[in-house]
Amino acid sequence: MGNERPGFLYSANTPYIEGLYEVYLESPDAVPEAWRRQFDAWQREIRPGQPDRIHSRIQAALLHPATRPSRTAVPASVTDDRFRKQVAALQLINAYRFRGHRAADLDPLRQYDRPEVPELSLAFHGLSEADMDTVFNTGSLFGPEAASLRDIIAQLKQTYCGSIGAEYMHINETAQKRWIQQRLEPASVRDVLSAAKRHQVLERLVAATALEEYLHTKYVGQKRFSLEGGETLIPLLDEIIQVAGQSQVREVVVGMAHRGRLNVLVNIVGKMPSELFQEFEGRKNGSGSGDVKYHMGYSSDIVTDAGPVHVTLAFNPSHLEIIDPVVEGSVRARQDRRNDVARDQVVPVLIHGDAAFAGQGVVMETFNLSQTRGYTTGGTLHIIVNNQIGFTTSDPLDSRSTLYCTDVAKMVQAPIFHVNADDPDAVVFVAKLALDFRMEFNKDVVIDLVCYRKHGHSEADEPYATQPIMYQRVRAHPGIKALYVEKLLRDGVITDPYVAAMTREYVQNLENDIPVSRTLACDIEYRNRTSFEPYKGGSWRTPADTTLPLERIRALAARLTDYPPHFKLHKAVAKLTGARREMAAGSIPFDWGFGETLAYASLVDLGHPVRLSGQDSARGTFFHRHAVIHNQEDGETYLPLRHVSANQATFLVINSTLSEEAVLAFEYGYATSEPNALVIWEAQFGDFANGAQVVIDQFVAACEAKWGRLCGLVMLLPHGYDGQGPEHSSARLERYLQLCAEENMQVCFPSTPAQMFHMLHRQVLRPYRRPLVVMSPKSLLRHPLSVSTLADITDRGFQLVIEEIDQIEAGGVSRILVCSGKVYFDLLEARRAQQVDDIAIVRVEQLYPFPREELKQAIERYPNAKEVVWVQEEPRNQGAIAYLLEGLHLFSCLHEPQQLVIVARPYSASPAVGSHVNHVEQQQQLVSEALRLTRRGAQQPQKKTA
Ligand SMILES: Cc1ncc(C[n+]2csc(CCOP(=O)(O)OP(=O)(O)O)c2C)c(N)n1
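Draft legend 1. View of the environment of K218. Counting through the fold element by element, K218 comes out in helix 8 (residues 195-218). Its relative accessible area of 40% is what places K218 among the partly exposed residues. Taking the C-alpha atoms as reference points, K218 and F280, 62 residues apart in sequence, are found 9.6 Å from one another. Excluding its chain neighbours within four sequence positions, the residues that come into contact with K218 are F277 and E281.

Draft legend 2. Summary view of the packing of aromatic side chains. Under the counting rule described, the total for this entry stands at 22 aromatic pairs. Ring centres 5.7 Å apart and planes at 85° place the aromatic pair W179 and F441 in the edge-to-face group. One end of the pair, W179, is in helix 6 (residues 174-184); the other, F441, is in helix 16 (residues 424-441), with 262 residues separating them in the sequence. Judged by relative accessible area, W179 falls into the buried class, the value being 16%. Plain terms: the ring middles of Y600 and F651 are 6.1 Å apart, the flat faces sit at 35° to each other, and that makes the pair tilted. In this pair, Y600 is assigned in helix 22 (residues 592-605) and F651 in strand 15 (residues 651-655), connecting sequence segments 51 residues apart. Of the residues examined, Y600 reaches a relative accessible area of 1% and is grouped as buried. F651 sits in the buried class, given a relative accessible area of 2%. In textbook terms, an aromatic cluster arises when at least three aromatic residues are bridged by ring pairs, as seen for Y214, Y219, F277 and F280. In this structure, R611 is placed above the aromatic ring of Y670, and the distance from its NZ or CZ to the ring centre is 4.7 Å. Just above the ring of Y824 sits the side chain of R843; from NZ or CZ to the centre is 3.7 Å.

Draft legend 3. View of the nonpolar core. In terms of nonpolar packing, the biggest core is built from 103 residues, with L184, L202, L233, V264, V349 and I351 touching the most fellow members. Looking at this core element by element, the count peaks at eleven residues for helix 16. With near-sequence residues (within four places) excluded, L202 lies in contact with Y484, V485, L488, I494, Y498, V499 and M502. Judged by nonpolar contacts, the second largest core, of 78 residues, contains I322, A333, V801 and Y848.

Draft legend 4. Spatial organisation of the sheet that holds strand 25 (residues 899-905). Strand order in this open sheet of five strands is 20-22-21-24-25, and the pairing throughout is mixed. Each edge of the open sheet is held by one strand with a lone partner, namely strand 20 (801-802) and strand 25. When strand 21 (residues 815-819) meets strand 22 (residues 839-844), the two strands line up parallel, connected through five bridges. When the sheet's bridge partners are listed, I816 is paired in strand 22 with A840. On top of the sheet, helix 32 (residues 916-930) reaches strand 21, strand 22, strand 24 (867-875) and strand 25; it is set at about 170° to strand 25, its chief contact.

Draft legend 5. Here's a closer look at the site of the ligand. Neighbouring the ligand are 15 residues; H258, R259, S318, D354 and A356 lie closest to it. For the ligand, an oxygen atom lies 3.0 Å from a polar atom in the backbone of A355. In isolation the ligand has 580 Å² of accessible area, and contact with the protein removes 78% of it. Of the residues forming the shell around the ligand, the biggest block, three residues, is contributed by helix 13 (residues 354-359). Taken together, the residues that form the shell around the ligand break down as five nonpolar, eight polar and two charged.

Quick notes on the rules
Residues numbered from 1 in each chain as written. Predicted model: local features only at pLDDT ≥ 70, side-chain atom pairs only at ≥ 80, totals over all residues. Heavy atoms only, no water. Helix = DSSP H or I, 4+ residues; strand = E, 2+ residues; numbered from the N terminus. Buried < 20%, exposed > 50% of the residue type's maximum accessible area, 1.4 Å probe, protein only. Contact = heavy atoms within 4.5 Å. Phe/Tyr/Trp six-rings, centres within 6.5 Å; stacked < 30°, edge-to-face > 60°. Lys NZ or Arg CZ within 6 Å of the ring centre and 35° of its normal. Core = buried A, V, L, I, M, F, W, Y, C linked by side-chain atoms within 4.5 Å. Pairing = 2+ DSSP bridges. Axes fitted to C-alpha atoms, helices over the stretch in contact; angles between N-to-C directions. Near = heavy atom within 4 Å. Polar contact = N/O pair within 3.5 Å; in protein donor to acceptor, adjacent residues only side chain to side chain. Areas by Shrake-Rupley, 256 points an atom, 1.4 Å probe, with all protein chains shown as cover. Nonpolar A, V, L, I, M, F, W, Y, C, P; charged D, E, K, R; others polar.

None of this, on its own, says anything about what the molecule does.
If you want it as structure tokens, here you go:
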């Protein structure tokens, strides 16, 4: 900025500068010459089509070496008193925009005195009582109008320090800030709701209150996690759905935890009262082992002025906040199905508790997904039911380190509207404002509904023991409905008998089992809905033809190895592309990357979308996939899988954020909403999936049993004892196998590229949807023996068990090795090297559901085998062995007098040794033991080679 830089550009003056900038935008001549030139210069730097980053420029300017702390917020160089006061008035207006929320009337319990906020005082800006009747230019507060300082302050207090505390000045984009400002200012204009609207609000408030009271007296002491103290949530949600309908939103997907869930289910989503009562009475039947009533999901079509909106309340496990990314994934799938590129037809709404929102890391992970290409849903509406108490008993002082429970949302510059739940008019205003913001800017937005909790954490809990003072105030609180009724009576909007009749009618409806939500639509078309009907009858044994004729392989391969002529490929990628051409021609064997890529190509060609995400997934962590080709000259990218055929389905590969929990949950949510697609999450190394353990336990393994939801998600977990140390060797196969029951998922350990091809093909082509957990390889990606032929793709499908491949005389076999995955090749190589001819090797490619028949048959081929040996690379306390023994899977395949022998690494606390030399020794010992090389007196394999 050189010499022209105004002399008072100090950090303490940020509000001043921003205020001045606001004035400049409205009327450039109203600001001093030096500033006008400065702002003109900044404006010129804005590139067409780019957002106005003037705020960043101010911040950057403040970091200039010349920056030094100012003693006063008012620039010293401004000498003219009249002008100085005008600037001070603008500065004060801006201070309310920045800091007014600190003095807002947000707490229904009025537990603390509202803080003195220095920036909101006259003195802070060099003003005094004597200036109260002076008339000032107000920037945009009153439009172009000037006003007295007294009127300005009155308006500011009403706008920023009433029932709404707005935090939005942290947003960089000027357009967004100005949009919010124009909606908030001045409050005297915005705070007018029609009588009809207030009737509606009252009606929903009566519903929310009456339901809780009804359940409280009918089901005494039963847990329901009452909404009392925060009943305004119901009119808030009602408004959101109505506004959504008017904005042409066709689906709203809601994720929420326990608090107030039953109320939302009945009063918003239209669950039949009788269904809820049956659950309270423990009479509800259903398939699977089920879940408690406050975790169940529901959906319906709600009538709005502009057509029906499909509202889904997602099922929910107890683990707080983990539903957030699941809902986001589900929304993304619904948007994709509708080809909703603007992301305006389906909107996610997430309802949080204050402690959970501040405390759970997955909230941050989900925010971090919100604007990324592969995961954005065009903005989420977050609602915090902030009852000002965290956990069962704890104070905010113990449950967070931030001022507000919502501060994490600032990481994506979401506007945050704190609102007092005792003021339903303000809540409804904020509901519309927030949804309109989301629709306008496709960004996240937060409503912090500040309320209280009438009972303990649950109804069986005693809150006075730990919160005596808070609960004295709770006891003295008349209730939100009572306050609102009082207000409406005062305003002459209603009469007493009207409310009594409304309440009576609501209770009668409950008792007569009439839906008590808004009107439900029953005759809308289902074109854009997910249907799992086609997948319900099948079993994992339902056959599917996963083979591919030679001409299809060749046609697909031609597309996969094609790229724009001007593309200069990286050497390694060019080599790989050439090799893939040869593989398709049958001149060299198939490798892993090609088998996998061919499966994707075939699926998109058949109309099944493919979505693959994970860290580095586009290239492949181990450099084998290269689904995205990069032109080495200009960085341009090309995805051959998007050019397979004219009417193909979409192929999306995403290099994910560095998250396991939120990303896996997102993909889970996507897969539960899009059964037609192949949805894959890939861990960078399999063990990193333990960062997503909640998702695996709560959703992948148990979702169907708890909530009856099917899901065809695939998890690719690189697993293999390759000597890379304890952190990268094991995908913890044992943990997945321990979670297996009731055919809830499939666990596979494919050993060849063709097996990978058929397994992925089968996952989509079978009319059957269950999660598929895959121990995927690292070293096998380039292993010379882990290859396939064209015939393996054209002639046979996925083999649950692969029998002996060498010419071994069956009658002479005395020992059968049974194994899975990469160790097979070590065994095979050693057996060939040692010319062992009395040991057969059989591979189990699917561990769950266990293919007993197939393995039994394979074992029966060797009538003289006395021993069946399970060989695994994992330590004895890990891998598949415990599962195989416990489930008698191996025993049931033996026949008298066969013995079962186990060969594994020794028991170990850690998955693998750190030293490569130790690893090699262990591996050789394992192989030798399995092949009885030591007992035979044969030399160790490496010695022989030497
Ligand atoms: C991940 C997780 N940790 C702990 C719990 C146990 N728990 C259930 S509710 C709750 C308190 C939640 O407080 P808040 O988020 O403020 O919601 P509120 O119950 O007050 O509405 C806790 C700790 C849980 N359900 N999930």
